[in-house]
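Coordinate inspection notes
Here is how the chains run, residue by residue.
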Amino acid sequence: MRSRGLWVLSALGLLAVVLGAAWIYLRSSGTAGRSTEDIGRVIPVAEELADTAPALLAMDAELVLVGDTERIVPISEFFNPAGGTILRNELITEVLIPKAFQRARGKFLKNAKTREDISIVSVTTTVIMDGEHCETVRIALGAVAPTPIRIPEAEYILEGQVPTPALIQHTAETVVQH
């Protein structure tokens, strides 16, 4: 396991996530005849599974990709803006999450037909507090664009501030206007 100040989701943990995602994907698509290539792409493809990627984006995750070589890529660079990923005959073998996020509190909300369906829209927020002040804020949206996105303009409103109802309302309005 790596010890660079990161949590490591091992290949076994990732496998559990992928299998769960694949089950949801097949169940929600109603198509049991998907190719194995589609199943392997279930986590990276934002339009197919809008739930996992925004949560990882909101925690500044890095992905270990293994093919001919091994490379570590921030999840923010993993998705192509027009859709798809940067995978080049590679597999995701680990998900690395900075240890700072052990102190984070967060919330994931989604709108879907049922709990098992993929999101129509989702939002993930994570906040690391320093006393009463928001030290780090991450807001990620899923299923609103070809790839999951963060809303830095809204994050900056809360960072370094004591959260108040008015400040939270302003942050929410900024997210909606984006």
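Everything in this summary refers to the structure shown in the same document.

1. Thoughts on the nonpolar core
- Counting 19 residues, the largest nonpolar core has Leu56, Leu63, Ile75, Phe78, Val95 and Ile97 as the members making the most contacts within it.
- Of all the secondary structure elements, the ones that give two or more residues to this core are α3 (52-57), β2 (62-66) and β4 (91-98).
- If you look at the next biggest cluster of nonpolar residues, it comprises 11 residues, including Val137, Leu141, Ile157 and Leu167.

2. Focus: unusual backbone geometry
- Positive phi, close to 50°, is recorded for Asp60, a residue that is not glycine.
- Within the element layout of this structure, Asp60 appears in the loop between α3 and β2.
- A positive phi angle, near 55°, is found at Asn89, a position not held by glycine.
- Summarising the element assignment, Asn89 is placed in the loop between β3 (70-74) and β4.
- Of the residues examined, Asn89 reaches a relative accessible area of 82% and is grouped as exposed.

3. Observations concerning helix α5 (residues 165-177)
- Relative to the 18 Å expected for 13 residues at 1.5 Å per residue, α5 spans 18 Å between its end C-alpha atoms, a close match to the ideal helical length.
- Turning to α5, its buried residues are Leu167, Thr171, Thr174 and Val175. Across the axial projection of α5, the buried residues extend over an arc of 100°, all falling on one side. Opposite its buried face, α5 presents the exposed residues Pro165, Ala166, Val176 and Gln177, each directed more than 90 degrees away.
- Its buried side turned inward, α5 meets β7 (133-142) and α4 (152-158).

4. As for the pattern of salt bridges
- Counting across every chain of the model gives seven salt bridges.
- A salt bridge links Asp51 to Lys110; the shortest N-O distance between them is 3.1 Å. One end of the pair, Asp51, is in the loop between α2 (36-40) and α3; the other, Lys110, is in strand β5 (residues 105-111), with 59 residues separating them in the sequence.
- Owing to a relative accessible area of 29%, Lys110 belongs among the partly exposed residues under this scheme.
- Bridged by salt links that share partners, the residues Asp60, Arg138, Arg150, Glu155 and Glu159 form one connected network.

5. Some thoughts on the sheet that holds β5
- Pairing within the open sheet is antiparallel, and its four strands lie in the order β5-β6-β7-β8. Across the chains shown, the open sheet's two edge strands, defined by having one partner strand only, are β5 and β8 (149-150).

6. Concerning the packing of aromatic side chains
- In total, this model carries one aromatic pair according to the counting rule given.
- When the ring of Phe78 is compared with that of Phe79, the centres are 5.2 Å apart and the planes differ by 80°; the resulting orientation is edge-to-face. With respect to class, Phe78 is no different from Phe79; both count as buried.

7. Some points on the environment of Thr174
- Turning to its location among the elements, Thr174 is positioned in helix α5.
- Put simply, Thr174 and Ile151 are 23 residues apart on the chain and 8.5 Å apart in space, counted from C-alpha to C-alpha.
- When sequence neighbours within four positions are dropped, the list of residues in contact with Thr174 reads Glu153, Ala154 and Ile157.

8. A short note on the side chain of Thr124
- Examined against the element boundaries, Thr124 turns out to sit in strand β6 (residues 121-130).
- Classification of Thr124 by relative accessible area gives buried; the value is 5%.

Calculation notes
- Residues numbered from 1 in each chain as written.
- Predicted model: local features only at pLDDT ≥ 70, side-chain atom pairs only at ≥ 80, totals over all residues.
- Heavy atoms only, no water.
- Core = buried A, V, L, I, M, F, W, Y, C linked by side-chain atoms within 4.5 Å.
- Buried < 20%, exposed > 50% of the residue type's maximum accessible area, 1.4 Å probe, protein only.
- Helix = DSSP H or I, 4+ residues; strand = E, 2+ residues; numbered from the N terminus.
- Expected span 1.5 Å × (residues − 1).
- Arc of directions from axis to C-beta.
- Contact = heavy atoms within 4.5 Å.
- Salt bridge = Lys/Arg side-chain N within 4 Å of Asp/Glu carboxyl O.
- Pairing = 2+ DSSP bridges.
- Phe/Tyr/Trp six-rings, centres within 6.5 Å; stacked < 30°, edge-to-face > 60°.

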